[in-house]
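For reference, the chains in residue letters:
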Amino acid sequence: QVQLVESGGGLVQAGGSLRLSCAASGRIFSHYVMGWFRQAPGKEREFVAATRWSSGSTRYADSVKGRFTISRDNTKNTVYLQMNSLQPEDTAVYYCAADPRPSGIGVRPNDYNYWGRGTQVTVSS
């Protein structure tokens, strides 16, 4: 089993920054992909960014490219999402997820088997 716990959410003004953390425990293997998704009220869960533990390769949604950066610390089994230049449309619950497939970086929620409970990010205008 894999357990994922997000932290770092909060309230920030437009233009501000936040860093989210996702602490992973359990049977995490180096080939796993770790992703961040978000879900705003009344909207579907959408892909934000992902990285593969072993290679550090990354993939981003177009809406966050140049503003958000995903990174990982293998020694701490933690994945981070640095979010800069936040805008009100970034307001959502942010979820960490793990995909055990050995190739590719998925962008669909169904690609990911394991999920955290989420952390709220609210950006005020």
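Above this text sits the structure in question.
Note that the coordinates shown come from a computational prediction; the quantities given were computed from them, not determined experimentally.

**Observations concerning the state of the cysteines**
Part 1 of the argument: A full pass over the atoms with the stated rule returns one disulfide.
Part 2 of the argument: Covalent S-S linkage joins cysteine 22 and cysteine 96, the inter-sulfur distance amounting to 2.0 Å. Here cysteine 22 and cysteine 96 share a disulfide; its torsion about the S-S bond, -75°, makes the bridge left-handed. With cysteine 22 in strand S3 (residues 18-26) and cysteine 96 in strand S9 (residues 92-99), the pair connects residues that are 74 residues apart, well separated along the chain.

**Quick word on the nonpolar core**
Part 1 of the argument: Of all hydrophobic cores here, the largest spans 37 residues; its most connected members are Met34, Trp36, Leu81, Met83 and Tyr94.
Part 2 of the argument: Those elements that provide at least two residues to this core are strand S1 (2-7), S3, strand S4 (33-39), strand S5 (46-52), strand S7 (68-73), strand S8 (78-83), S9 and strand S11 (119-124).
Part 3 of the argument: Counting residues per element, this core draws most heavily on S9, at five residues.
Part 4 of the argument: Each residue touching leucine 81, except ones within four places of it in the same chain, is listed here: Leu18, Arg19, Leu20, Trp36, Val48, Ala49, Phe68, Thr69, Ile70 and Tyr94.

**Here we look at the side chain of aspartate 99**
Part 1 of the argument: In this fold, aspartate 99 is placed in strand S9.
Part 2 of the argument: Beyond its immediate chain neighbours, meaning those up to four positions away, aspartate 99 contacts Tyr32, Val33, Gly106, Asp111 and Tyr112.

**Quick look at the pairing of S4**
Part 1 of the argument: Of all the seven residues making up S4, six are buried; the element is thus mostly covered by neighbouring parts of the structure.
Part 2 of the argument: Bridge count for S4 against S5 is six bridges, and the pairing is antiparallel. Across the sheet, methionine 34 pairs through a bridge with threonine 51, a residue of S5.
Part 3 of the argument: Counting the residues between successive antiparallel strands, the hairpin from S4 to S5 contains six residues, one of them, glycine 42, with a positive phi of roughly 80°.
Part 4 of the argument: Across seven bridges, the pairing between S4 and S9 is antiparallel. Directly across from phenylalanine 37, in S9, lies its bridge partner tyrosine 95.

**Looking at the environment of valine 79**
Part 1 of the argument: Secondary-structure assignment places valine 79 in strand S8.
Part 2 of the argument: When the C-alpha positions of valine 79 and cysteine 96 are compared, they lie 8.6 Å apart, and in sequence the two are 17 residues distant.
Part 3 of the argument: In this structure valine 79 touches Leu20, Ser21, Cys22, Met34, Trp36, Thr51, Trp53, Ile70, Ser71 and Arg72, once residues within four positions along its chain are discounted.

Cut-offs used in this document
- Residues numbered from 1 in each chain as written.
- Predicted model: local features only at pLDDT ≥ 70, side-chain atom pairs only at ≥ 80, totals over all residues.
- Heavy atoms only, no water.
- Disulfide = S-S within 2.5 Å.
- Helix = DSSP H or I, 4+ residues; strand = E, 2+ residues; numbered from the N terminus.
- Core = buried A, V, L, I, M, F, W, Y, C linked by side-chain atoms within 4.5 Å.
- Buried < 20%, exposed > 50% of the residue type's maximum accessible area, 1.4 Å probe, protein only.
- Contact = heavy atoms within 4.5 Å.
- Pairing = 2+ DSSP bridges.

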